[in-house]
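Coordinates in review
Below, each chain spelled out in residue letters.
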Amino acid sequence: MKNKKNIYTLISIALVILFLLLANSFFDSYQIRILNLCAIYVVLGLSMNLINGFTGLFSLGHAGFMAVGAYTTAILTMPIAAKEANYFMTPLVSPLNNMVWPFLPALIMGGLLSAVAAFIIGAPALRLKGDYLAIATLGFGEIIRILITNAQSLTNGALGLKSIPNTTNIWWSFGIAAATTVIMILLINSSYGRAFKAIREDEIAAENMGINLFKHKMLAFVIGAFFAGIGGGLLGNLLGTVDPNMFKFTLTFNILFVIVLGGMGSITGTIISAFIVTISMEVLRFLDAPINLGFITIPGITGMRMVVYSLLLIIVIIYFRQGLMGTREFSWDSVIALIKKAPFKKGGAK
Amino acid sequence: MSLDILLQHLANGISQGSLYALIAIGYTMVYGILRLINFAHGEIFMMATYFAFFGIATFGMPWYVVFILAILLTGLLGMSAERVAYRPLRDAPKISILISAIGVSYLIQNLAIVLFSGRPKAFPQIEFFTRMFTVGNVRIQALTIVIPIVTAVLLAVLIYLINHTKNGIAMRAVAKDHETAKLMGIDVNKTIALTFGIGSMLAAVGGIMWGLKFPNILPTMGIMPGLKCFIAAVLGGIGSISGAVIGGFILGLGEILLVAFFQNLTGYRDAFAFVLLILILLFKPTGIMGEKISEKV
């Protein structure tokens with residue numbers, strides 16, 4: 001049985017790779033970009049789910065961590081000529097201005113710096129609980145954004161960075177999404193993961209069991225921020241531009257929607273909903289565009305998409321609080337059980 | 001810096017602080033009764049400004065009528081947000097209600113962008129408030145004096161309401177314990193709705209005066225004041241009304257004086273509030289006037 005499941009897993013991975021190969025050669029650039037965004041949202045969703053879903057810390061600072069990662073990766077990978085063109089107001093500080101790193105080390109550096117930021121933020125903020133933590137992390141995210149806006153010689157301030165190399169492609173984004181997923185699964189099933197879940201269920205009970213609350217919370221927070229930074233780096237090098245306004249609370253809100261819809265505390269749920277949310281965000285764009293029904297044309301209303309989107313969040317949280325998966329995970333057993341059960345369903349036998 | 005300029009800054013700081021205080025009271029009341037950060041409070045404040053704007057600019061009604069209507073409408077909006085998005089989640093985990101609150105905040109904000117367009121609008125200037133006074137060498141706009149007075153009057157009314165009326169007693173009872181309050185024959189849902197109504201109406205007063213003070217209004221204007229006033233509420237000790245007022249004044253005065261004394265820190269003005277928040281949470285998490293709450297196992 002174990003063998004069979006491994007074969008199923010291998011077949012599905014092969015199918016995904018085949019799909020990506022086909023997509024890479026037959027899809028147009030817009031569709032490829034959406035696929036890339038899906039994979040990036042998987043990384044971001046998983047990183048936020050580790051903090052919010054598995055460890056139960058309500059953190060809203062994700063956009064800030066992403067900004068750190070995106071700026072680090074962008075500055076490190078940008079060719080020297082592009083740097084000179086970008087920093088025409090104040091030149092970039094000395095060692096950085098003629099330094100070009102390959103993509104992967106730059107991404108990891110982005111993740112590490114973001115983890116350092118999380119460590120500095122976490123030291124005071126993780127003493128707080130619940131909604132206080134939410135506000136404090138939200139505030140820190142906002143402070144990071146303000147610092148970026150004002151550090152002209154490092155980040156080019158409010159002008160942002162343009163002509164960042166578009167290194168992110170399907171292989172990078174899906175490769176890193178896959179790596180993140182594997183690391184998350186290993187982490188969640190380790191003793192650390194069990195400690196995280198224990199903290200989520202009941203802090204006081206977890207502490208009585210000998211779990212060092214602060215250490216574990218900090219670990220989840222720092223690892224989450226690391227992957228948020230990597231996700232941010234991927235995003236920056238996918239879009240080709242970054243500016244401080246990209247990293248407003250809206251971004252955190254989008255990721256929050258991904259993990260709420262997928263189920264707080266489910267890895268597979270997050271992956272599924274990252275795809276659903278990203279693709280539906282694009283599909284819902286028709287709400288902003290004029291709609292032609294043949295006999296009548298409804299003029300496009302800008303912003304309608306976000307209205308529908310926030311309504312959906314409220315509906316999900318009121319009526320489907322568990323999201324798609326709750327805290328369950330996808331497994332072949334459940335799929336097989338579902339297939340085997342199906343024929344009996346019609347007959348009504350149990 | 002001469003004394004006159006300092007006085008000028010102080011006057012500005014006091015009126016800014018009064019505005020923060022008015023909005024912070026709404027946060028503190030809702031938090032006191034539901035243990036919920038009403039993320040939508042900043043958006044409710046923003047809607048009040050738009051209600052007043054349309055009343056004056058589109059319907060051309062006299063400003064005092066418009067202001068009263070806008071305050072009532074905003075109260076209604078706050079109560080309906082509670083009815084639709086918070087009441088169904090009363091027994092849900094706290095994180096769900098918080099997410100729902102974020103959803104409401106986003107919904108109102110985007111609805112405002114759809115309805116009123118994302119472009120800024122100019123809040124009408126009313127002569128009664130824009131007149132200038134000269135006290136010694138300090139020139140002060142009438143509004144700068146009106147704002148603290150209005151805040152003080154409303155505060156007095158609110159404290160009377162909470163301490164001496166039946167509804168006020170009900171509110172304090174619900175804040176202490178929902179179950180016991182219910183057993184004492186208090187309609188918990190009605191009391192919570194009333195709290196939201198009063199909090200939103202105070203935010204509306206703040207919003208209208210904000211519009212008069214900073215006439216550039218847009219649908220995203222509620223975010224920053226919303227966050228800052230929550231910080232003011234935490235600073236003063238969340239759940240305590242006098243604490244919210246003190247917090248609002250500290251924040252308003254601090255911000256204005258920071259920019260006045262250290263001009264090169266102007267870009268960091270918005271960060272000041274957050275730094276203050278972190279400091280207070282580190283050293284006195286219950287705030288200035290807050291009571292120590294021990295966690296029940």
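None of the values given here were measured: they were computed from a predicted structure.

**Considerations on the interface of chain A and chain B**
Facing 39 residues of chain A, the contacting portion of chain B comprises 43 residues. It is A:Asp131, A:Tyr132 and A:Ile135 in chain A that bury the most area against chain B; as a group they hold 19% of the surface buried on that side. One can count 0 salt bridges joining chain A with chain B. Scanning the region where chain A abuts chain B turns up 1 residue pair in polar contact (both at pLDDT 80 or more). When residues of the side of chain A that touches chain B are traced back to their parent elements, those giving at least two are helix H7 (130-150), helix H13 (249-262) and helix H15 (304-319) of chain A. It is H7(A) that provides the largest number of residues to the side of chain A that touches chain B, a total of 13 residues. Of the residues in the side of chain A that touches chain B, the class split is 28 nonpolar, 6 polar and 5 charged.

**Topic: the packing of helix H3 (residues 63-86) of chain B against helix H9 (residues 188-213) of chain B**
Residue and element names in this part refer to chain B. Interaxial distance between H3 and H9 falls to 7 Å at its minimum, and their mutual angle equals 135°. Here H3 lies oblique to H9, going by the angle between them. Remark: the crossing between H3 and H9 carries right-handed chirality. Residue-level inspection shows Phe67, Ala70, Ile71, Thr74, Gly75, Gly78, Met79, Glu82 and Tyr86 of H3 in contact with H9, the latter providing Ile192, Ala193, Phe196, Gly197, Ser200, Met201, Ala204, Val205, Ile208 and Leu212. Tallied by class, residues from the contact of H3 with H9 come to 13 nonpolar, 5 polar and 1 charged.

**Topic: the side chain of B:Gln109**
All names here are of chain B. By the element assignment, Gln109 lies in helix H4 (residues 94-116). On the accessibility criterion, Gln109 (8% relative accessible area) is buried. Once residues lying within four places of it in the same chain are set aside, the contact partners of Gln109 are Glu43, Met46, Pro219, Thr220 and Ile223.

**Quick look at the packing of aromatic side chains**
By the definition in use, this model includes 23 aromatic pairs over all chains. Measuring from centroid to centroid gives 5.1 Å for B:Trp63 and B:Phe129, while their planes differ by 70°, and the two rings are edge-to-face. On the criterion of sequence distance, the pair formed by B:Trp63 in helix H3 and B:Phe129 in helix H5 (residues 127-130) is long-range, its members being 66 residues apart. The buried category is assigned to B:Phe129, whose relative accessible area is 7%. Members of the aromatic cluster, each reached through a chain of ring pairs, are A:Phe249, A:Phe253, A:Phe257, A:Tyr309 and B:Tyr106.

**Some details on the environment of A:Asn86**
Residues and elements named next belong to chain A. As for its position among the elements, Asn86 is in helix H4 (residues 80-86). By relative accessible area, which is 7% here, Asn86 ends up buried. Beyond its immediate sequence surroundings of up to four residues, Asn86 is in contact with Met78, Asn156, Gly160, Leu161, Lys162 and Ser163.

**Regarding the packing of H13(A) against helix H14 (residues 267-283) of chain A**
Residues and elements named next belong to chain A. At a minimum axis separation of 8 Å, H13 and H14 run at an interaxial angle of 125°. In terms of axis orientation, H13 runs oblique to H14. Judged by the sense of rotation from one axis to the other, the crossing of H13 with H14 is right-handed. The residues of H14 that touch H13, namely those facing Asn254, Phe257, Val258, Ile259, Leu261 and Gly262, are Gly269, Thr270, Ser273, Ala274, Ile276, Val277 and Met281. For the contact of H13 with H14, the class distribution of residues is 8 nonpolar, 5 polar and no charged.

Calculation criteria
- Residues numbered from 1 in each chain as written.
- Chains lettered and ligands numbered in written order.
- Predicted model: local features only at pLDDT ≥ 70, side-chain atom pairs only at ≥ 80, totals over all residues.
- Heavy atoms only, no water.
- Contact = heavy atoms within 4.5 Å.
- Buried area = accessible area lost by both parts, 1.4 Å probe.
- Salt bridge = Lys/Arg side-chain N within 4 Å of Asp/Glu carboxyl O.
- Polar contact = N/O pair within 3.5 Å; in protein donor to acceptor, adjacent residues only side chain to side chain.
- Helix = DSSP H or I, 4+ residues; strand = E, 2+ residues; numbered from the N terminus.
- Nonpolar A, V, L, I, M, F, W, Y, C, P; charged D, E, K, R; others polar.
- Axes fitted to C-alpha atoms, helices over the stretch in contact; angles between N-to-C directions.
- Parallel < 35°, antiparallel > 145°, perpendicular 65-115°, else oblique.
- Left-handed = near helix turned anticlockwise from the far one by under 90°.
- Buried < 20%, exposed > 50% of the residue type's maximum accessible area, 1.4 Å probe, protein only.
- Phe/Tyr/Trp six-rings, centres within 6.5 Å; stacked < 30°, edge-to-face > 60°.

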